[in-house]
Amino acid sequence: DVKVTQSSRYLVKRTGEKVFLECVQDMDHENMFWYRQDPGLGLRLIYFSYDVKMKEKGDIPEGYSVSREKKERFSLILESASTNQTSMYLCASSLGGVNTEAFFGQGTRLTVV
Amino acid sequence: QKEVEQDPGPLSVPEGAIVSLNCTYSNSAFQYFMWYRQYSRKGPELLMYTYSSGNKEDGRFTAQVDKSSKYISLFIRDSQPSDSATYLCAMKPWNAGNMLTFGGGTRLMVKP
């Protein structure tokens, strides 16, 4: 089975802190994604990466950056956390190509106080 | 207006009922349509995947796409308490790689 593992299930951070969310997949997938999920808004794409060191902005990249130094690992960075970044963050991975399924991690519930 | 609209629910039904979950969308370029199921405190998992218009059946689940009306549905027959979850529709154009646009999700509760 594909496994997408997010480093933390729950995080509480203070406003202004730099926050790192880590995601690792074990199936040699080319594509990796970071979404945030908010009630009523569904999943919104923050960034995605289709190869090592490659990244593309999604729908809501402001306030976030990403890093993909190794194929299996994709990190989401909140440069200076703000309360409006309190959310559920979901990492996903998929093979390259059009008709491929995205596999999701368990999510990280981030609270910024 | 959001590109993909989905009634948030909650939708509460008795065990054994037929459930209908729906999404409407505005982008006529969408060609691939998916339904994800998300249990509480878990990540979404793919349930059904269809291309263009028509029906697809998998066990108790049927996905239906009506591109002329920009409307997709997921039907669950003989619903079970284990079907209680949030159901998210997702879609993408043919050339979008894996960049999906999601609906807001409908929370379903099946009562024994």
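Before any of the text, the structure's been laid out above.
Numbers given to residues run from 1 along each chain, matching the order in which its sequence is written. Chains carry letters and ligands carry numbers; both start at the beginning, A for chains and 1 for ligands, and go up in the order they are written. With pLDDT at 70 or above as the cut-off, local features in this predicted model cover only qualifying residues; side-chain atom pairs require 80 or more to be listed or tallied, and sums for whole chains, interfaces and linings still use all residues. Working from all heavy atoms in the structure, the side-chain values ignore hydrogens and water.

A. Main features of the state of the cysteines. Residues and elements named next belong to chain A. Cysteine sulfur atoms that come within 2.5 Å of each other are treated as a disulfide pair. Tallying each qualifying case throughout the model produces 2 disulfides over all chains. The disulfide partner of Cys23 is Cys91, and the gap between their sulfur atoms is 1.9 Å. Disulfide Cys23-Cys91: torsion about the S-S bond near -80°, hence left-handed. Here Cys91 lies in strand 9 (residues 87-94) and Cys23 lies in strand 3 (residues 19-25), a separation of 68 residues in the sequence. What makes Cys23 buried here is its relative accessible area of 0%. Secondary structure elements follow DSSP: runs of H or I no shorter than four residues count as helices, runs of E no shorter than two count as strands, and numbering proceeds from the N terminus. In this scheme, a residue with accessible area under 20% of its type's maximum is buried, one over 50% is exposed, and one in between is partly exposed, where area comes from a 1.4 Å probe on protein chains only.

B. Summary view of the layout of surface pockets. In this analysis the probe radius is 1.4 Å and the grid spacing 1 Å, with only protein atoms considered; a cavity is a set of points the probe fits into but cannot get out of, a pocket is an open set with protein on both sides within 12 Å along at least five of seven lines, and lining residues have an atom within 4 Å of a point. Grid points are joined across faces, edges and corners, and a volume is the space filled by probe spheres set on the points. There is about 600 Å³ of room inside the largest pocket. As for the largest pocket, its lining consists of 24 residues, of which Gln37, Pro39 and Arg109 of chain A together with Gln38 and Thr86 of chain B are closest to the centre. Among the elements of the structure, strand 4 (31-38) of chain A together with strand 9 (85-93) and strand 11 (106-111) of chain B are those that each provide at least two residues to the lining of the largest pocket.

C. Quick peek at the interface of chain B and chain A. Tallying the contact residues gives 20 residues for chain B and 24 residues for chain A. Think of a salt bridge as a Lys or Arg side-chain nitrogen and an Asp or Glu carboxyl oxygen that are within 4 Å of each other. For the pair chain B and chain A, the interface holds 0 salt bridges. Within 3.5 Å is the distance limit for a polar contact, defined as a pair of N or O atoms, with the added protein rule that one can donate a hydrogen and the other accept it, and that residues adjacent in sequence qualify only through two side-chain atoms. Where chain B packs against chain A, one counts 2 residue pairs in polar contact (both at pLDDT 80 or more). Looking at the side of chain B that touches chain A, the elements that each hand over two or more residues are strand 4 (30-38), strand 5 (45-51) and strand 9 of chain B. Classification convention: Asp, Glu, Lys, Arg as charged; Ala, Val, Leu, Ile, Met, Phe, Trp, Tyr, Cys, Pro as nonpolar; all other residues, Gly among them, as polar. Residue classes in the side of chain B that touches chain A are distributed as 10 nonpolar, 6 polar and 4 charged. The contact criterion used is simple: two residues touch if any of their non-hydrogen atoms lie within 4.5 Å.

D. The arrangement of the pattern of salt bridges in detail. Overall, the coordinates contain 8 salt bridges over all chains when judged by the stated rule. Its salt-bridge partner being Glu69 of chain A, residue Lys53 of chain A comes within 2.4 Å of it at the nearest N-O pair. Within this pair, whereas Lys53 of chain A is found in the loop between strand 5 (42-51) and strand 6 (54-57), its partner Glu69 of chain A is found in strand 7 (residues 64-70), the two being separated by 16 residues in sequence. For the pair shown, Lys53 of chain A and Glu69 of chain A are each scored as exposed. Here Glu57 of chain B ties to Arg77 of chain B by a salt bridge, and the two come within 3.4 Å at their closest N and O atoms. Remark: Arg77 of chain B occurs in the loop between strand 8 (71-76) and strand 9 and Glu57 of chain B occurs in strand 6 (residues 54-58); sequence separation between them is 20 residues. Residue Glu57 of chain B is classed as exposed on the basis of its relative accessible area of 58%.

E. Highlighting the pairing of strand 9 of chain A. All names here are of chain A. Of all the 8 residues making up strand 9, 8 are buried; the element is thus mostly covered by neighbouring parts of the structure. The alternating pattern of strand 9 places Ser87, Tyr89, Cys91 and Ser93 and Met88, Leu90, Ala92 and Ser94 on opposite faces, both of which are buried. The pairing of strand 4 with strand 9 spans 7 bridges and is antiparallel. Residue pairing across strands places Met32 opposite Ser93, the latter belonging to strand 9. Paired strands, as defined in this entry, are two strands with at least two bridges between them according to DSSP. Where strand 9 and strand 11 (residues 108-112) come together, 3 bridges link them in antiparallel fashion. The partner of Met88 across the bridge, within strand 11, is Arg109. Direction of pairing for strand 9 relative to strand 10 (residues 103-104): antiparallel, over a ladder of 2 bridges. The partner of Ala92 across the bridge, within strand 10, is Phe104.

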